[in-house]
Amino acid sequence: MDSKMHLQPWWLRPISLLLQLSNLKNWANAAPQVPCYFIFGDSLSDSGNNNNLKTLAKVNYRPYGIDFPKGPTGRFSNGRNVQDAIVELLGFEEYMPPFAKSEKENILQGVNYASGASGILDETGSLMDLYKTGARIFALFGLGQLGCTPNAIATHGTNGSLCVTKLNDAAFLFNQRLIPLVMALNSKLTDAKFTYLNYSPTKVAKLSL
């Protein structure tokens, strides 16, 4: 390999990454890469399920959604969330609708069941039930840095740190225990594919599949 490739200027790297993402987006404009996409998660994935729930975790008002074409929709962000980006890259023409607004044949393409401030229940967290109904590609997101959220910092304080260390340590421990589960599922259900995705930018949980 030409040694000059190792000396690529630092300012070219973001451009290269941008070009790669652009190519992915163009590729995704073809037919969807999967027939359907179902989403289970919390506020990082919610697209409006909390709007009609009796909960304080609501974001269907400004400044949420100020950069989203439809304005405030119940997304816990100023614009798209991570699931919206994935749906685009997969080639779907529309974002997965929240379960609260899904009806009739729309559910066949996919549904977003994510709900802000939700936990993990047996009813929604059973991978085996999903597998038995035909699901074959799974992406399991690890927990992010929970101790860096504004609510966590305001509630617990940081004792001089940037974030709440004990909450971040707990999230990291959860992720470390999730990895063996993903590996076991890949070994047991060989006709399916399970992938662990790491949210944390600091402590990286390594997984080789």
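Structure's up top.
Residues numbered from 1 in each chain as written. Predicted model: local features only at pLDDT ≥ 70, side-chain atom pairs only at ≥ 80, totals over all residues. Heavy atoms only, no water.

Draft legend 1. A look at the overall build of the chain. Counting secondary structure elements, the chain contains 6 helices and 2 strands. Counting only contacts in the chain whose residues sit at least 6 apart along the sequence, the fraction spanning at least 24 positions is 60%. When the accessible area of the chain is evaluated, it comes to approximately 14200 Å², of which 60% is carbon and sulfur surface. (Helix = DSSP H or I, 4+ residues; strand = E, 2+ residues; numbered from the N terminus. Contact = heavy atoms within 4.5 Å. Areas by Shrake-Rupley, 256 points an atom, 1.4 Å probe, with all protein chains shown as cover.)

Draft legend 2. Structural view of the pattern of salt bridges. Applying the stated criterion across every chain yields a total of 3 salt bridges. Note that Arg75 is salt-bridged to Asp84, the shortest N-O span being 2.6 Å. The two residues Arg75 and Asp84 agree in class, both being buried. Here Glu88 makes a salt bridge to Arg80, at a shortest N to O gap of 2.7 Å. The exposure class assigned to Arg80 is partly exposed, which follows from its relative accessible area of 44%. (Salt bridge = Lys/Arg side-chain N within 4 Å of Asp/Glu carboxyl O. Buried < 20%, exposed > 50% of the residue type's maximum accessible area, 1.4 Å probe, protein only.)

Draft legend 3. Structural view of the nonpolar core. If you look at the biggest cluster of nonpolar residues, it comprises 12 residues: Leu127, Tyr131, Phe138, Leu140, Leu178, Ile179, Val182, Leu185, Leu189, Ala192, Phe194 and Tyr196. Counting only elements with at least two residues in this core, the list comes to helix 4 (127-132), strand 1 (137-141), helix 6 (165-188) and strand 2 (193-197). The greatest single-element share of this core, amounting to 4 residues, is contributed by helix 6. Listed in part, the 8 residues of the second largest apolar core include Tyr37, Ile39, Met96 and Ala114. (Core = buried A, V, L, I, M, F, W, Y, C linked by side-chain atoms within 4.5 Å.)

Draft legend 4. Up close: the state of the cysteines. Per the stated rule, a full pass over the model turns up 1 disulfide. Across a sulfur-sulfur distance of 2.0 Å, Cys148 and Cys163 are joined as a disulfide pair. Judged by the sign of its S-S torsion, about 105°, the cystine formed by Cys148 and Cys163 is right-handed. A residue pair is termed long-range when its members are at least 10 positions apart, and Cys148 in the loop between strand 1 and helix 5 (150-156) and Cys163 in the loop between helix 5 and helix 6 qualify at 15 residues. (Disulfide = S-S within 2.5 Å.)

Draft legend 5. Representation of the environment of Ala170 in the model. Summarising the element assignment, Ala170 is placed in helix 6. Taking relative accessible area as the criterion, Ala170 reaches 46% and is therefore assigned partly exposed. Between the alpha carbons of Ala170 and Gln145 there is a distance of 9.3 Å; along the sequence they are 25 residues apart.

Draft legend 6. Layout of the pairing of strand 2. Taking every second residue as pointing to the same face, the buried face of strand 2 carries Phe194 and Tyr196, while none of Lys193, Thr195 and Leu197 on the other face is buried. Where strand 1 meets strand 2, 5 bridges bridge the pair, whose relative direction is parallel. Within strand 2, the residue paired with Ala139 across the bridge is Thr195. (Pairing = 2+ DSSP bridges.)

Draft legend 7. Broad picture of the side chain of Gln83. Checked against the element boundaries, Gln83 lands in helix 2 (residues 82-90). Overall, the relative accessible area of 4% leaves Gln83 in the buried class. Only 2.6 Å separates the side chain of Gln83 from the side chain of Tyr37, close enough to count as a polar contact. With residues up to four places along the chain from it excluded, the contact list for Gln83 reads Tyr37, Ile39, Ser45 and Phe141. (Polar contact = N/O pair within 3.5 Å; in protein donor to acceptor, adjacent residues only side chain to side chain.)

Draft legend 8. Fine view of helix 6. With 24 residues, helix 6 extends 35 Å from end C-alpha to end C-alpha; this agrees with the ideal 34 Å at 1.5 Å per step. Taken together, the buried positions of helix 6 are occupied by Asn168, Ala171, Asn175, Leu178, Ile179, Val182, Leu185 and Asn186. (Expected span 1.5 Å × (residues − 1).)

Draft legend 9. Looking closely at unusual backbone geometry. A cis amide bond links Arg62 with the next residue in sequence, Pro63, at an omega value of 15°. Locating Pro63 in the fold gives a position in the loop between helix 1 (12-28) and helix 2. The backbone of Asn159 sits at a positive phi, close to 50°, despite the residue not being glycine. Along the polypeptide, Asn159 turns up in the loop between helix 5 and helix 6.

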